[in-house]
Amino acid sequence: MSSRFPLKTMKAVVRVAAVVPAAILLASCSSASAPDTDVSTSADELIAGAHGARHLVTFQLTDYPRQMQFLQSRGFDIAGVDLPASQADVILTDYEVEELTHQGMSVARHKLAAQAEFAPDPAYKTSAEIDTIIHQYASAHPAIASVKSIGKSREGRDIWGIKISKDVAQHSPAKPVILFNGMHHAREVMSPEVALDTIEQLLTKYGTDANITRWVDSNEIWVVPMLNVDGNNKVWNTDSYWRKNTRGCPSSGSCPSGTGVDINRNYPYAWGSCNGSSGSASSETYRGPSAGSEPETNVLMNHVAATRPVIDISYHSYSELIIYPYGCDGVQAPTRDILRNLATAMAAKLPSDSGSGNYRYGTSWETLYAVDGGDIDWMYNKYSVAPYVIEVNRSAQGFQPSYATWRDRTVTKLRGAWQVALARLDGSGLRGVVPAGVTGATVTVTRSGTTTQSRAVNPDGSFHVLVLPGTYHVSVAAPGKTTWEKDVTVADARVNLDVQF
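As recorded by an unreviewed UniProt entry, the chain carries the name Carboxypeptidase regulatory-like domain-containing protein and is attributed to Pendulispora rubella. According to UniProt, the comment filed for the chain under the heading Cofactor (unreviewed entry) is "Zn(2+)".

Student: If you had to explain empty space enclosed by the protein to someone new, which residues and values would you point to?
Tutor: Scanning all chains against the criterion turns up two cavities of 30 Å³ or more. As for the largest cavity, its lining consists of 30 residues, of which Arg265, Ile323, Leu368, Val371 and Glu391 are closest to the centre. Where the lining of the largest cavity is concerned, the elements lending two or more residues are β6 (77–82), β13 (311–317), α10 (375–383) and β16 (386–392). Among the elements that line the lining of the largest cavity, the one with the most residues is β6, at four residues.

Student: Go over the sheet that holds strand β21 (residues 470–477) with me, naming the residues and quoting the values.
Tutor: Judged by pairing direction, the sheet is antiparallel, and its four strands sit side by side in the order β19-β18-β21-β22 without closing on themselves. Every interior strand has two partners, whereas the edge strands, β19 (450–456) and β22 (484–490), have only one. Taken pair by pair, the neighbouring strands of this sheet meet at an average axis angle of 20 degrees, ignoring direction. The sheet contact formed by strand β18 (residues 442–447) and β19 spans six bridges and is antiparallel. The partner of Thr446 across the bridge, within β19, is Thr451.

Student: Now, about the side chain of Thr444: what can you tell me, with residues and values included?
Tutor: By secondary structure assignment, the location of Thr444 is in strand β18. Within the structure, the side chain of Thr444 is placed 3.1 Å from the side chain of Ser454, a separation counted as a polar contact. Discounting chain neighbours no more than four positions away, the residues touching Thr444 are Thr451, Gln453, Ser454, His473, Val474 and Ser475.

Student: Residues and numbers for the packing of helix α7 (residues 295–307) against α10, please.
Tutor: For the pair α7 and α10, interaxial distance at closest approach is 11 Å and the crossing angle is 30 degrees. As α7 runs across α10, the sense of the crossing is right-handed. On α10, the residues touching Leu300, Met301, Val304 and Ala305 of α7 are Asp375, Trp378, Met379 and Tyr383. Across the contact of α7 with α10, the residue classes break down as seven nonpolar, no polar and one charged.

Student: Explain the sheet that holds strand β11 (residues 177–182) residue by residue, including any values.
Tutor: Taken together, the eight strands give an open sheet; going across it, the order is β9-β10-β12-β11-β13-β16-β14-β15, and neighbouring strands pair in mixed fashion. The open sheet has two edge strands with one neighbour each: β9 (145–152) and β15 (360–362). Neighbour-to-neighbour, the strand axes of the sheet open up by a mean angle of 20 degrees, direction not taken into account. Where strand β10 (residues 158–164) and strand β12 (residues 220–224) come together, three bridges link them in antiparallel fashion. Residue pairing in the sheet places Ile162 in a bridge with Val223 of β12. Helix α8 (residues 336–347) contacts β13, β14 (321–323), β15 and β16 of the sheet and is inclined by roughly 35 degrees relative to β16.

Student: I'd love a proper account of the UniProt feature "active site" (unreviewed entry) in the chain, names of residues and values included.
Tutor: With numbering matched to this structure, UniProt assigns "active site" (unreviewed entry) to Glu391. Structurally, the position occupied by Glu391 is in strand β16. For Glu391, the contacting residues outside a window of four places in its chain are His316, Ser317, Tyr318, Ser319, Glu320, Leu321, Ile323, Tyr359 and Leu368. A polar side-chain atom of Glu391 sits 3.3 Å from the main-chain amide nitrogen of Ser317.

Student: Describe the side chain of Glu391, naming the residues involved and giving the relevant values.
Tutor: For the buried Glu391, no salt bridge is present, and the opposite-charge side chain at shortest range is Arg243, 7.3 Å distant. A distance of 3.3 Å separates the side chain of Glu391 from the backbone nitrogen of Tyr318, its partner in a polar contact.

Student: Could you give an account of the packing of aromatic side chains, with specific residues and numbers?
Tutor: Counted according to the given criterion, the structure contains nine aromatic pairs. Measuring from centroid to centroid gives 6.3 Å for Tyr324 and Tyr388, while their planes differ by 75 degrees, and the two rings are edge-to-face. In this pair, Tyr324 sits in the loop between β14 and α8 while Tyr388 sits in strand β16, placing the two residues 64 residues apart along the sequence. Residues Trp378 and Tyr383 carry aromatic rings whose centres are separated by 5.7 Å and whose planes lie at 85 degrees to one another, so their mutual orientation is edge-to-face. Counting every residue linked through ring pairs, the aromatic cluster contains Tyr241, Tyr318 and Phe399. Here the guanidinium or amino end of Arg287 rests over the ring plane of Trp271, the centre of that ring lying 5.5 Å away. Over the ring of Trp406 we find Arg409; its NZ or CZ atom is 3.8 Å from the centre of that ring.

Each value, and the rule that gives it
Residues numbered from 1 in each chain as written. Predicted model: local features only at pLDDT ≥ 70, side-chain atom pairs only at ≥ 80, totals over all residues. Heavy atoms only, no water. UniProt positions renumbered as here; feature names shortened; annotations may be inferred. 1 Å grid on protein atoms, 1.4 Å probe; cavity = no way out; pocket = protein on both sides within 12 Å on 5 of 7 lines; lining within 4 Å. Points joined across faces, edges and corners; volume = space filled by probe spheres on them. Helix = DSSP H or I, 4+ residues; strand = E, 2+ residues; numbered from the N terminus. Pairing = 2+ DSSP bridges. Axes fitted to C-alpha atoms, helices over the stretch in contact; angles between N-to-C directions. Polar contact = N/O pair within 3.5 Å; in protein donor to acceptor, adjacent residues only side chain to side chain. Contact = heavy atoms within 4.5 Å. Left-handed = near helix turned anticlockwise from the far one by under 90°. Nonpolar A, V, L, I, M, F, W, Y, C, P; charged D, E, K, R; others polar. Buried < 20%, exposed > 50% of the residue type's maximum accessible area, 1.4 Å probe, protein only. Lys, Arg positive; Asp, Glu negative; His and termini not counted. Salt bridge = Lys/Arg side-chain N within 4 Å of Asp/Glu carboxyl O. Phe/Tyr/Trp six-rings, centres within 6.5 Å; stacked < 30°, edge-to-face > 60°. Lys NZ or Arg CZ within 6 Å of the ring centre and 35° of its normal.

Okay, structure coming up:
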């Protein structure tokens, strides 16, 4: 593995937990360069798990795209980035530290005196606590909230979703659907908190906040706070930095090397196609034995197929980024201008935790590294959803910041973003419902004679096409029907179309 660390321009700043006698000082490959150090007292920046002690190393990148690609392609566990500072956080095991030493890196460290396990701040939520919380919400607001198990995890746990809408027991094709989901990755404990706060705000402010009341009345809002319920159980009981699901893990105890699948590399679209995941079961980005092999992946896929959201937001941590399709290097979505438009609006509502600047946005290959088999790419390609990953918090906060210090600050800030997404459903777009009994319909939108979007009408007869302001030609075709056509000028508000064959 002599090629594992050839980049001589990469210098490292190491954050070290002060709760155990361990330190790493990782310098650049050049012996003439002295290492920068940054000593931290956060216990969640160094843990000891089943694979030995792990250390969170912050690399200062001098050629961000190339060096990020190198780190990702070599299978390192990249925790997150600080894009403005051009830094990347990488979790290294004891073995990898030794490997770096053999590669001629200047490394000084003290071994852990004993292995120690750290659980997250106990105020964060377990899957069982989320189960209780969302059922309590639904019981307190039965007219506008309904809880449903949208499927089972690999270990048989329920994955819960809550629907929020006026006349919640009924489905109306006239109402757009939006989906919020949290915790694809088990160690990212802040992501369910943002989802739970979304639920709380919508339910408790309904009837008093005019915007929230309108959104609940006119849309179907789904929130799935925690997708990776099995992995979360491992986080609380054996390994606070566990990322994947629990394929191959024992029913109790730690997951050994070679177990677990990164469910956000397991979706069928572009699965394993562009070095954006790993085929090695020991990797943190292991894509699984086949596309869509994991129960958790299929649970979300089936839910999206059944509900057909117009917009999806998937919460992750950390890096202060808003990411939209596509994930493979150099690939842009055909409607990237529309995706970027909403990303820009959400980012404007998300100031950095540092107090300087705002969240950045772009595709994963532009902001992080190539990703294949991700949920947002699959949703976009399969059902024309406008999907986003929002990476909350920054490197200084990490995966599991102090709950008392950061939870409320984080979820309060994120309200601006999800409210912008809800408002976008009323914004420039085209929505219609074909007459009952019509099947196999397709809607096509053109501008200046060029097709901008074409998609199948949803099974309930509805379609919702996000566009930017302008004049469009809309046609709806169905087998055995004369094509319905209309020229439409769209300003800042959605145009509802009366489709009649």
